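Commentary on secondary and tertiary structure
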Amino acid sequence: MKPWHAALLSLLLLAGCKRETRQARLDPAVAEAMDSVATLPIGINGRPPPVLLAMGEPYRSNAYQLSQGKRLYAWFNCQGCHTDGGGGSAPALMDGWWRYGPDAVSIFLSIRDGRPNGMPAFRERLTTEQIWQLTGYLQSLGATSSTAATPGRNDSMQTRPGENRVPSMSRLPSPHEGGP
Amino acid sequence: MKRASRLLPLLLAGCSGWQSALDPRGPSAQDLHGLFWLFTITCTVIWLAVMLVLLAALLRRPPATKGAAEAAGRRSARVVGGAVAATVLVVAGLTFASYLATRAISSDQPEALVIRLRGYQWWWEVTYPHEQPDQTLLTANEIHIPTGRPVRIELAAADVIHSFWVPNLTGKQDMIPGRSNSLVFTAEKPGTYRAQCAEFCGLQHAHMALHVVAEPPEAFERWRTAQLAEAPAPEDAEEEEGRRVLESKACAACHTVRGTEAAGNLGPDLTHVASRRFIAAGMLPTTRGSLAAWVADPQSIKPGNNMPMVSLTADELQAVSAYLTRLR
């Protein structure tokens, strides 16, 4: 290997040291724009706020944002009903079946506005940004293909495969095969 | 040189104050202070002696005759032997002094006042336990202790490793998740001392401070009784509106104000927030302006902390800051 090859290689390696950006502060105008989702009248499915796309969907792909979602999941006692994603008195969140649709907008609306039969509305308990962080984390729970970004590991024992082991199932059983 | 002599008093002035191990205000800190000077002076003397011997060796002329060379060899053997013996003695002496000081500061005191301290990223939860649950006091970021009475701080951490250090009163002790440590110390003189998290714990580690207020026992009991009371009632329409906003917005999801509907347990207890000297773990002095600035934009003041920016109108912000200022 010639010296200049080595120099070039180390330059390339240095490029790998770039850290993922953590955006702690959201511009208030952006936060407000993130709240305006266009949805169907029945409250499921819809167009995500354009500002999310413009930001590069950080709540799906940024490890910091996913970790914040995981923290909020514990802090706001989501596991009280949904347990660690396996479902309890509320539906499971990791089996790939979503009552109100698997898309981000439906999940966002479920958290923000609540759903019949017990899901409370968190509109006045969480900020819009926090609801999007939770939404991104929930989508990673039910993901069937792995992504580059995952939240931090649990400190305690895992009751299910870690988020960094997604997909938690290789294939979903269809209803004909005894699936849900 | 003249400039240096003018700078020296300035440098020494940095060694006293509300966060300095060189300004001890309690027996534990006194022991550590003695140990510090013992080590510093001993090591300085040894360093000077070694430098002198080195200088002598450099300037020495080679011996002229064979007899003189033999005499020099015997002399240097004696010098080396003496130095080895001195090293053994000094190391043993310092070890013993260190053992004595450590034993003195780690003695348990059964009649000590117990305070539980729990570190979070990046603030401190303070509990004064009592056998009667309604006398148990929960507060944050500021501890009050009576002078002349030993205090046992039971240390824990909620997320990552932190470390509790009040240089004026005692040495450091780590706060480790899943493990309980404790630290006993006494404050002899009344005063406000600053404590600092002494274990790197993330982005805002430098902004994780705690204030220790040592006061005479009667003043401490008065403080304790006042803190146990519920939050003061709003006194005008603006403060009333502030309480309504605090109860109905996201504030109540994380914070507790005893006597209102706000009962979250994720952030610091705000029942008497305005009675504390600083907010946000030692970042800003408690004034209406800094309370409003903190609520309006916590991520600009302390980026990465867990308090989100809650969208409030200007009137709501005014009202909340008025109500928080009432919470004395």
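Residues numbered from 1 in each chain as written. Chains lettered and ligands numbered in written order. Predicted model: local features only at pLDDT ≥ 70, side-chain atom pairs only at ≥ 80, totals over all residues.

Focus on helix H7 (residues 288-296) of chain B
Residue and element names in this part refer to chain B. Within the sequence span of H7, burial applies to Leu291, Trp294 and Val295. The arc that holds the buried residues of H7, viewed along the axis, is 95°, so those residues lie on one side. Buried residues belonging to H7 abut strand S11 (278-279), strand S12 (284-285), helix H8 (298-301) and helix H9 (314-326). (Buried ≥ 20, exposed ≤ 12 C-beta atoms within 10 Å, placed from the backbone. Helix = DSSP H or I, 4+ residues; strand = E, 2+ residues; numbered from the N terminus. Arc of directions from axis to C-beta. Contact = placed C-beta atoms within 7 Å.)

As for the sheet that holds strand S5 (residues 151-157) of chain B
Residue and element names in this part refer to chain B. Across the sheet, which stays open at both edges, the five strands sit in the order S3-S2-S1-S5-S8 with mixed pairing between neighbours. Edge strands, defined here as strands with exactly one partner in the open sheet, are strand S3 (137-140) and strand S8 (181-185). Averaged over all pairs of adjacent strands, the angle between strand axes in this sheet comes to 25°, irrespective of strand direction. (Pairing = 2+ DSSP bridges. Axes fitted to C-alpha atoms, helices over the stretch in contact; angles between N-to-C directions.)

Digging into the interface of chain A and chain B
Between chain A and chain B, the contact holds 14 residues from the first and 13 residues from the second. Looking at the side of chain A that touches chain B, the elements with two or more residues in it are helix H2 (28-33) and helix H8 (128-141) of chain A. For the side of chain A that touches chain B, a count of residues per class yields six nonpolar, two polar and six charged. (Nonpolar A, V, L, I, M, F, W, Y, C, P; charged D, E, K, R; others polar.)

Structural notes on the domain arrangement of chain B
Residue and element names in this part refer to chain B. Taken as a whole, chain B is organised into domain 1 (21-105), domain 2 (113-216) and domain 3 (237-326). Computed over C-alpha atoms only, the centres of domain 2 and domain 3 are separated by 23 Å. In this assembly, 16 residues from domain 2 lie in contact with 12 residues from domain 3. Every element with two or more residues in the side of domain 2 that touches domain 3 is listed here: strand S2 (123-128), S3 and strand S10 (209-215). Counted by class, the side of domain 2 that touches domain 3 contains nine nonpolar, six polar and one charged residues. (Domains from an automatic or database assignment.)

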